[in-house]
Amino acid sequence: MSLTVLTHACRLRSLCRLQRIQSHMMSSQPEPEVLLQRVGRAGVITMNRPKVLNALNLSMIRQIYPQLKEWEADSDTDLVIIKAVGGKAFCAGGDIRAVTEAGKVGDPLSEDFFREEYILNHAIGTCKKPYVALIDGITMGGGVGLSVHGRFRVATEKTLFAMPETGIGLFPDVGGGHFLPRLQGKLGLFLALTGFRLKGRDVHRAGVATHFVDSSKMADLEQELVKCPSVDDVSKVLDSYQNQSSLGSDKPFTLEKHLADIDRLFSADSVEQIMDNLRAEGSEFTTKQAETLSRMSPTSLKMTFKQLQLGGALSLKDVLIMEYRLSQACMRGHDFYEGVRAVLVDKDQSPRWSPSSLEQVSEQDVDSCFSSLGPKDLVL
């Protein structure tokens, strides 16, 4: 074989090998984490990380925010819809493990994630176009922030809502200090401190969702929504689908018989007083709630109590500025890292909180968490 032919053969083999490698790389490339599409008159955001229950990370936030602002300014876009793939979760929360690792080593992600997430939450809450969140599945933490501040939130029988942050040494952020105190009576404070889970139609009954629609009807609902030219049309379509949805309508609100007790026992001047009230009541329900609270981070409970006390009288903007200060206090503290270790990493469910009791958390400790960060404060 001549040298020229041999050279060509080698090149051809190399080219084929390169093409195979490229083909493999292309086929094994991960799916986009979030899909951003124009469908009809709607901008549609689709969370696309089903294997991690569509957990929200900084990369997704950085894709969603500019697109949302663009659609808000676009005269050809009449509404924004946010949904998720996978059938199990809308969004189970933020990418807490990545934030934890960053916080341990002083990586800027522990600042950037919260800052940019809260900026997105504010953009959703102030969006001039109708914003429709289809919360079909688990909706916690960061997923609540992506949905609850929008004009319309549609729950299904698969929806599982909770703000369980006090159990990992955090607090119900993403604007929790704004929407929770605005729920009926002391229900928001109860949900914030205990992390109680609401399911299905109860998410609507509690006031977290604006509508309830059977999960089987969601695809048809979306097809109609993308044609809606106005907020009135969106409202009419949602009302129509809610009227056609009967799943769970024969069962009362899970917390109905406890609402009066929640209002009475959680109307207190401190978390310690709430604990005393629950223990003194002595019913099966109140004893269970006292046990739940005894497992939470004492610092988080006191921080959350004050967060909701203040948040009830603040705008969403001012709440998010306050919550950014709290997030950075948690990054500087102990309990967040310990809570993530116990619940998400080692999964021994036995966090060692410091301080370990409510009595050891002073008012000064709590107040310092709310202090201004000066030039590092969140700007909205």
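About the thresholds
- Residues numbered from 1 in each chain as written.
- Predicted model: local features only at pLDDT ≥ 70, side-chain atom pairs only at ≥ 80, totals over all residues.
- Heavy atoms only, no water.
- Axes fitted to C-alpha atoms, helices over the stretch in contact; angles between N-to-C directions.
- Helix = DSSP H or I, 4+ residues; strand = E, 2+ residues; numbered from the N terminus.
- Left-handed = near helix turned anticlockwise from the far one by under 90°.
- Contact = heavy atoms within 4.5 Å.
- Nonpolar A, V, L, I, M, F, W, Y, C, P; charged D, E, K, R; others polar.
- Buried < 20%, exposed > 50% of the residue type's maximum accessible area, 1.4 Å probe, protein only.
- 1 Å grid on protein atoms, 1.4 Å probe; cavity = no way out; pocket = protein on both sides within 12 Å on 5 of 7 lines; lining within 4 Å.
- Points joined across faces, edges and corners; volume = space filled by probe spheres on them.
- Pairing = 2+ DSSP bridges.
- Expected span 1.5 Å × (residues − 1).
- Salt bridge = Lys/Arg side-chain N within 4 Å of Asp/Glu carboxyl O.

Engineer: If you had to explain the packing of helix H12 (residues 271-281) against helix H13 (residues 284-295) to someone new, which residues and values would you point to?
Structural biologist: Geometry of a packed helix pair, given as the angle between the helix axes and the separation of the axes. Interaxial distance between H12 and H13 falls to 8 Å at its minimum, and their mutual angle equals 145 degrees. Classified by chirality, the crossing of H13 by H12 is left-handed. Side by side, H12 and H13 meet where Ile274, Met275, Leu278, Arg279 and Glu281 of the first sit next to Thr286, Gln289, Ala290, Leu293 and Ser294 of the second. Looking at side-chain class alone, the contact of H12 with H13 contains five nonpolar, three polar and two charged residues.

Engineer: Please set out the environment of Leu183 residue by residue, giving values where relevant.
Structural biologist: Secondary-structure assignment places Leu183 in the loop between helix H6 (176-179) and helix H7 (187-194). Take Leu183: its relative accessible area is 10%, and that puts it in the buried class. Here the alpha-carbon distance between Leu183 and Gly374, two residues 191 residues apart in the chain, equals 32 Å.

Engineer: Go over the layout of surface pockets, please, and point to the residues and values.
Structural biologist: Its volume calculated, the largest pocket comes out at about 1,200 Å³. Counting only elements with at least two residues in the lining of the largest pocket, the list comes to helix H3 (96-105), helix H4 (109-125), strand S6 (138-140), H13 and helix H16 (335-345). For the lining of the largest pocket, the element with the highest residue contribution is H13, accounting for four residues. Residues that form the lining of the largest pocket fall into these classes: 19 nonpolar, ten polar and ten charged. The calculated volume of the second largest pocket comes to roughly 220 Å³. Taken together, 17 residues line the second largest pocket, and the ones lying closest to its centre are Thr299, Ala329, Gly333, His334 and Ser354. Broken down by secondary-structure element, the contributors of at least two residues to the lining of the second largest pocket are helix H14 (298-311), helix H15 (316-332), H16 and helix H17 (363-369).

Engineer: Which residues make up the sheet that holds strand S5 (residues 131-135), and what values go with them?
Structural biologist: Pairing within the open sheet is mixed, and its six strands lie in the order S1-S2-S3-S5-S7-S10. Unpaired on one side and paired on the other, strand S1 (34-39) and strand S10 (211-212) mark the two borders of the sheet. With four bridges joining them, S5 and strand S7 (residues 152-155) adopt parallel strand pairing. Paired with Val132 across the two strands is Phe152, which belongs to S7.

Engineer: Give me the lowdown on H4, citing residues and values where you can.
Structural biologist: Taking 1.5 Å as the rise per residue, H4 with 17 residues should run 24 Å; its terminal C-alpha atoms sit 24 Å apart, in good agreement. Residues Ser110, Phe113, Phe114, Glu117, Tyr118, Leu120, Asn121, His122, Ala123 and Ile124 constitute the buried set of H4. Its buried side turned inward, H4 meets helix H2 (58-73), H3, S5, helix H5 (142-145) and H15.

Engineer: Give a description of the pattern of salt bridges that names residues and reports values.
Structural biologist: Tallying each qualifying case throughout the model produces 19 salt bridges. Close ionic contact of Glu111 with Lys376 constitutes a salt bridge, the shortest N to O distance being 3.0 Å. Placement of Glu111 in helix H4 and of Lys376 in the segment after H17 is noted, with a sequence separation of 265 residues between them. The class of Glu111 is partly exposed, set by a relative accessible area of 22%.

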